[in-house]
Amino acid sequence: YRELLRKLEDLRMRIAMLRAEVQSTERALKRLEELEGVEEVYEMAGHIFVKRRREEVLEDLKVSLDGMRSVLAKLEEERKKTEEELNRLIESARTATS
């Protein structure tokens, strides 16, 4: 029971962090797409900014976003299965004590 609760809490935290990262990436992608007439942008790399072609950054963000969404979907599915398993365990404990 405790192991499932810990796993569920871990999944929820990972999902929340990944959702925040997805939202941040979506905002960055939107801002870059709205820029017109801009060929180069600066991307933060650690503690420095690196000049890159806008189109390269757009493509990298799109690929990254697709990957994050895929991982998020897998984590959501795992969370759902874990919740179902926990609910079955609780229900079987109730049945056993009745």
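The following paragraphs examine the structure supplied in this document. Note that the structure is a prediction, hence the values are computed from the model and not measured.

1. Observations concerning helix α2 (residues 54-97)
Here is step 1 of the chain: With 44 residues, α2 ought to run about 64 Å at 1.5 Å a step, and its terminal C-alpha atoms sit 63 Å apart, in line with that.
Here is step 2 of the chain: Along α2, the residues classified as buried are Arg 54, Val 57, Leu 58, Leu 61, Leu 65, Met 68, Leu 72, Leu 75, Glu 76, Thr 82 and Leu 86.
Here is step 3 of the chain: Lining the buried residues of α2 we find α1 (2-34), β1 (40-45) and β2 (48-53).

2. What about the pairing of β2?
Here is step 1 of the chain: Two elements, β1 and β2, share six bridges in a ladder whose sense is antiparallel. By the bridge assignment, Glu 40 is partnered in β2 with Arg 53.
Here is step 2 of the chain: Count of turn residues in the β1/β2 antiparallel hairpin: two residues, of which Gly 46 carries a positive phi of about 70°.

3. Some points on α1
Here is step 1 of the chain: Over its 33 residues, α1 extends 48 Å from the first C-alpha to the last, a length consistent with the 48 Å expected when each residue adds 1.5 Å.
Here is step 2 of the chain: Among the residues of α1, Leu 4, Leu 8, Leu 11, Ile 15, Leu 18, Val 22, Thr 25, Leu 29 and Leu 32 are the ones counted as buried.
Here is step 3 of the chain: In the core, the buried residues of α1 are packed alongside β1 and α2.

4. Quick look at the pattern of salt bridges
Here is step 1 of the chain: Considering all chains together, one arrives at 14 salt bridges under this definition.
Here is step 2 of the chain: As a salt-bridge pair, Arg 79 and Glu 76 come within 2.9 Å of each other at their nearest N and O atoms. Highlighted residues: Arg 79 and Glu 76, both in helix α2, separated by three residues, approximately one helical turn.
Here is step 3 of the chain: Under the relative-accessibility criterion, Arg 79 is labelled partly exposed at 22%.
Here is step 4 of the chain: Note on Glu 76: relative accessible area 17%, which makes it buried.
Here is step 5 of the chain: Each of Arg 12, Arg 19, Glu 76, Arg 79 and Glu 83 takes part in a single network of salt bridges with overlapping partners.

5. So, a nonpolar patch on the surface
Here is step 1 of the chain: A cluster of nonpolar side chains, contributed by Tyr 1, Leu 5 and Leu 89, occupies part of the molecular surface with about 280 Å² of accessible area.
Here is step 2 of the chain: As for its position among the elements, Leu 5 is in helix α1.
Here is step 3 of the chain: Judged by relative accessible area, which is 35%, Leu 5 ranks as partly exposed.

The rules we used
- Note on numbering: residues in each chain are counted from 1, in written sequence order.
- Two thresholds apply to this predicted model, a pLDDT of at least 70 for residue-level local features and 80 or more for giving and counting side-chain atom pairs, whereas whole-chain, interface and lining totals are computed over all residues.
- Working from all heavy atoms in the structure, the side-chain values ignore hydrogens and water.
- Numbering of helices and strands runs from the N terminus; a helix is a DSSP stretch of H or I covering at least four residues, while a strand is a stretch of E covering at least two.
- Every helix has an expected span of 1.5 Å times one less than the residues it contains.
- Partly exposed residues are those whose accessible area sits between 20% and 50% of the maximum for their type, while under 20% is buried and over 50% is exposed, using a 1.4 Å probe and protein chains only.
- Only heavy atoms matter for contacts: two residues are in contact if any of them lie within 4.5 Å across the pair.
- Strands are labelled as partners when DSSP assigns at least two bridges between them.
- Within this document, salt bridges are pairs made up of a side-chain nitrogen of Lys or Arg and a carboxyl oxygen of Asp or Glu, the two lying within 4 Å of each other.
- Only residues above 30% relative accessible area that lack a salt bridge enter a patch, with like-charged residues linked at up to 9 Å and the nonpolar side chains Val, Leu, Ile, Met, Phe, Trp and Tyr linked at up to 5 Å.
- Here, Shrake-Rupley sampling with a 1.4 Å probe gives the accessible areas, and only protein chains in the shown set may cover a residue.

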